[in-house]
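Each chain, written out:
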Amino acid sequence: MKASQFFIATLKEAPADAEVVSHQLMMRAGMIKRLGAGIYNYMPMGLRVIRKVESIIRDEMVRAGAVELLMPVVQPAELWQETGRFDKMGPELMRVKDRHDRDFIIQPTSEEVVTDIARQELRSYKQLPKNFFHIQTKFRDERRPRFGIMRGREFTMKDAYSFDRDATAAGKSYEVMFAAYKRIFDRFGLTYRAVAADTGAIGGDLSHEFQVIAKTGEDAIIYCPTSDYAANIELAEAVAPATPRGAATQALTKTPTPGKSTCADVAALLSLDLKQTVKSLVLATDELNEAGEVVKSTVWLLLLRGDHDMNEVKVGKVEGLKNGFRFANLAEIDEHFGSKPGYLGPVGLKKPVKVIADRSVAVMADWVCGANEPDFHYTGVNWGRDLPEPDLVADIRNVVEGDPSPDGQGVLAIERGIEVGHVFYLGTKYSKAMNATFLDETGKPALFEMGCYGIGVTRILGAAIEQNHDERGIIWPAAIAPFQAVICPIGMDRSAEVKAAAEALYAELQAAGVDVLLDDRGERPGAMFADWELIGVPQRVVISDRGLKAGTVEVQGRREAAATPTPVAEAAALVK
Ligand code: ATP
Ligand code: MG
Ligand code: MG
Ligand code: MG
């Protein structure tokens, strides 16, 4: 590629709304261009990186036995009604109508469509296992699109879906994907950690996230350096403010009036808020004596997960992770707490309590919480307004660095991460809802055991930059760099020697399969170097009259402090 034919548009300044370094650098390097909130043009330079990311993913998915197809971006609502997600998913699900007033959605993932394909196409156990994947545009109307394409509304995801005859086989498919994900992230050249996505049920739950380690990550990962224990609890949305408890309490205390709410009210409110994609909230309850003094404090973490099942509820007592519970639905909560249908929240509070909300993702008004007995709920609880940004280390779960690891194998450390991939064992959740069956060996219909596996293709770019940059710009890992090498001739228009040497090297590298760019724009050296340092191309070869006189060109790796004068004949070998 020659720069004069390509499109390069670098900026001196990043736009003011770019909060994190990856967003700033991607904008400055001309990789993306904003069209609307969370909606970006992928410009030629950025698209090259996206294509490389996609091709590594595709390569490893195929190697792992997955088959590529392509499912539509716009999907009929009927399928989503079959699983209930059309109603249950909150405003993150983009709903549109066609000219006949029929409902459609713009896919945030494709479980429904792929399950529909499976129930029609996979008829016999002999066709299993099968894993379908696509790399496709997704749309999620994120509450707070930010960080450029790291949390966009329109973005590209690779999503794969496995179909198996039984749980054992599904477990194998999960393992195959887990291993493929490791290869993918290794090939990207990123530092990452695979963490249990559910800290409440340690070990028992088959869901892992792949987290790229970065200070700006929205998630907090707790892990044990001396064992395999690693977990994420999406703390960005469920942690205490950095202020000491007392201060937060002062600021946020509401004293709701005990209400006459019934179980049905709670259930109704719950589904209402699930529609609003409330993900998590933290409650602290203080038991007061007659004099209004706090006699006992309990902190509760209540997570309403919106990822894959808008009905999935986690309730965890927030004293370490040992007492965390996980429930698939309201009925399971009731079973556990022995209460009647529809109860949620702190258990057994029959005395007056103060309800303190330390942080929640959404502004929540008129929430109902409280006891697991009728008429002991508190209504009109409000929280989530104007809360300070969380301090992930001083988090409300009281997990601090140095706490014992839940597996007893050492102590915990905490770091931040960016969720770039997520693998999930789904069981028969979707196949059951959509009656997707195949005929087993005995000729009887059986439900597919499923798994789903996502990678945020476009988010990878942001995550890679968060991890690899310096004051001059991006430092792309070689595997996903827009170009592997750039040739910078100085005075190409004046010097026939420089021109000839540059074109010869360019041809040689191209012939060797190196993704090389020849900067023939005629820019001044300073401006030219600044561009390529900003864009983050791993190798640069500078060709000048002075060097050629000595028989050398200058080769410099993006991370290297100085260039290495290299004999012209050896330059290509050094860059390759
Ligand atoms: P998050 O917790 O960051 O909102 P998620 O858990 O909702 O992500 P999944 O449903 O697990 O996301 O989707 C699979 C992958 O898609 C994620 O691991 C992430 O890499 C990517 N992804 C999700 N939401 C976005 C987004 N808004 N912009 C870019 N990539 C995204
Ligand atoms: Mg999300
Ligand atoms: Mg997540
Ligand atoms: Mg996820």
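Values in this document were obtained by computation on a predicted structure and should not be read as measured data. (Residues numbered from 1 in each chain as written. Chains lettered and ligands numbered in written order. Predicted model: local features only at pLDDT ≥ 70, side-chain atom pairs only at ≥ 80, totals over all residues. Heavy atoms only, no water.)

(A) How the structure looks around the pattern of salt bridges. A complete count under the given rule lists 32 salt bridges for this structure. Notably, a salt bridge pairs Arg-472 with Asp-470, separated by 3.4 Å at the nearest N-O pair. Exposure remark for Asp-470: the relative accessible area of 19% places this residue in the buried category. Counted as one network, the salt bridges with shared partners bring together Asp-470, Glu-471, Arg-472, Glu-533, Arg-540 and Arg-558. (Salt bridge = Lys/Arg side-chain N within 4 Å of Asp/Glu carboxyl O. Buried < 20%, exposed > 50% of the residue type's maximum accessible area, 1.4 Å probe, protein only.)

(B) The packing of aromatic side chains, seen in detail. Here the structure, examined in full by the defined rule, presents 12 aromatic pairs. Seen in terms of ring centroids, Tyr-181 and Phe-185 are 6.2 Å apart; in terms of plane orientation they differ by 65°. Their pairing is edge-to-face. Here Tyr-181 and its partner Phe-185 are both found in helix H6 (residues 167–188), 4 residues apart, which amounts to about one turn of the helix. As far as the burial class goes, Tyr-181 and Phe-185 line up, both buried. Of the residues examined, Phe-185 reaches a relative accessible area of 0% and is grouped as buried. Ring pairing ties together the aromatic residues Phe-178, Tyr-181, Phe-185, Phe-188, Tyr-192 and Phe-210, which thus form one cluster. The lysine or arginine in question, Arg-193, covers the ring of Tyr-223, its NZ or CZ lying 3.6 Å from the ring centre. For the cation-ring pair, Arg-540 lies above Phe-529, with the distance from its terminal atom to the ring centre recorded as 4.1 Å. (Phe/Tyr/Trp six-rings, centres within 6.5 Å; stacked < 30°, edge-to-face > 60°. Helix = DSSP H or I, 4+ residues; strand = E, 2+ residues; numbered from the N terminus. Lys NZ or Arg CZ within 6 Å of the ring centre and 35° of its normal.)

(C) The arrangement of the site of ligand 1 in detail. Taken together, 17 residues lie near ligand 1, and Glu-142, Arg-151, Gly-152, Glu-419 and Arg-459 sit nearest. At 3.3 Å from a nitrogen atom of ligand 1 is found a main-chain nitrogen or oxygen belonging to Met-150. One of the backbone nitrogen or oxygen atoms of Gly-456 is found 3.3 Å away from an oxygen atom of ligand 1. In the complex, 96% of the free accessible area of ligand 1, which totals 580 Å², lies under the protein chains. Listed by contribution, the elements that provide at least two residues to the shell around ligand 1 are strand S8 (154–164) and strand S20 (413–427). (Near = heavy atom within 4 Å. Polar contact = N/O pair within 3.5 Å; in protein donor to acceptor, adjacent residues only side chain to side chain. Areas by Shrake-Rupley, 256 points an atom, 1.4 Å probe, with all protein chains shown as cover.)

(D) Just the nonpolar core, in detail. Counting 65 residues, the largest nonpolar core has Met-31, Val-53, Tyr-181, Phe-185, Phe-188, Trp-476 and Trp-532 as its most contacted members. For this core, the element with the most residues is H6, which contributes 8 residues. If sequence neighbours within four positions are ignored, Val-53 has contacts with Phe-188, Val-457, Ile-460, Leu-461 and Ile-480. Of all hydrophobic cores here, the second largest spans 26 residues; its members include Met-89, Leu-93, Ile-105 and Leu-122. (Core = buried A, V, L, I, M, F, W, Y, C linked by side-chain atoms within 4.5 Å. Contact = heavy atoms within 4.5 Å.)

(E) Just the sheet that holds strand S5 (residues 94–97), in detail. In space, the 3 strands of this open sheet follow the order S4-S6-S5, with antiparallel pairing throughout. The sheet is open, and its two edges are formed by strand S4 (74–76) and S5, each paired on a single side. With direction set aside, neighbouring strand axes in the sheet form an average angle of 40°. Relative to strand S6 (residues 103–106), S5 is paired through 4 bridges, and the arrangement is antiparallel. Counted as the bridge partner of Val-96 is Phe-104 from S6. (Pairing = 2+ DSSP bridges. Axes fitted to C-alpha atoms, helices over the stretch in contact; angles between N-to-C directions.)

(F) Molecular detail of the packing of helix H2 (residues 44–63) against H6. Across the interface, H2 lies against H6 with an axial gap of 9 Å and an inter-helix angle of 150°. Classed by the angle they form, the pair H2 and H6 counts as roughly antiparallel. Where H2 crosses over H6, the handedness of that crossing is right-handed. Contacts between H2 and H6 pair Val-53, Ile-56, Ile-57, Asp-59, Glu-60, Met-61 and Arg-63 from the former with Met-177, Ala-180, Arg-183, Ile-184, Arg-187 and Phe-188 from the latter. Split by residue class, the contact of H2 with H6 holds 8 nonpolar, no polar and 5 charged. (Parallel < 35°, antiparallel > 145°, perpendicular 65-115°, else oblique. Left-handed = near helix turned anticlockwise from the far one by under 90°. Nonpolar A, V, L, I, M, F, W, Y, C, P; charged D, E, K, R; others polar.)

(G) Quick peek at the confidence of the model for the protein chain. Overall, the predicted model of the protein chain reaches an average pLDDT of 77, with 69% of residues at or above 70. Confidence metrics for the complex model read pTM 0.76 and ipTM 0.99. (pLDDT = per-residue confidence, 0-100.)

(H) Here's a closer look at the pairing of strand S23 (residues 449–456). Counting buried positions over the 8 residues of S23 gives 8, a clear majority of the element. Every second residue of S23 is oriented toward a common face, with Glu-449, Gly-451, Tyr-453 and Ile-455 on one face and Met-450, Cys-452, Gly-454 and Gly-456 on the other, all of them buried. Looking at chain direction, S8 and S23 are connected through 8 bridges and run antiparallel. Each residue of the ladder has a partner; that of Tyr-161, found in S23, is Cys-452. Looking at chain direction, S20 and S23 are connected through 6 bridges and run antiparallel. Residue Val-423 lies in a different strand from S23, and its bridge partner there is Tyr-453.

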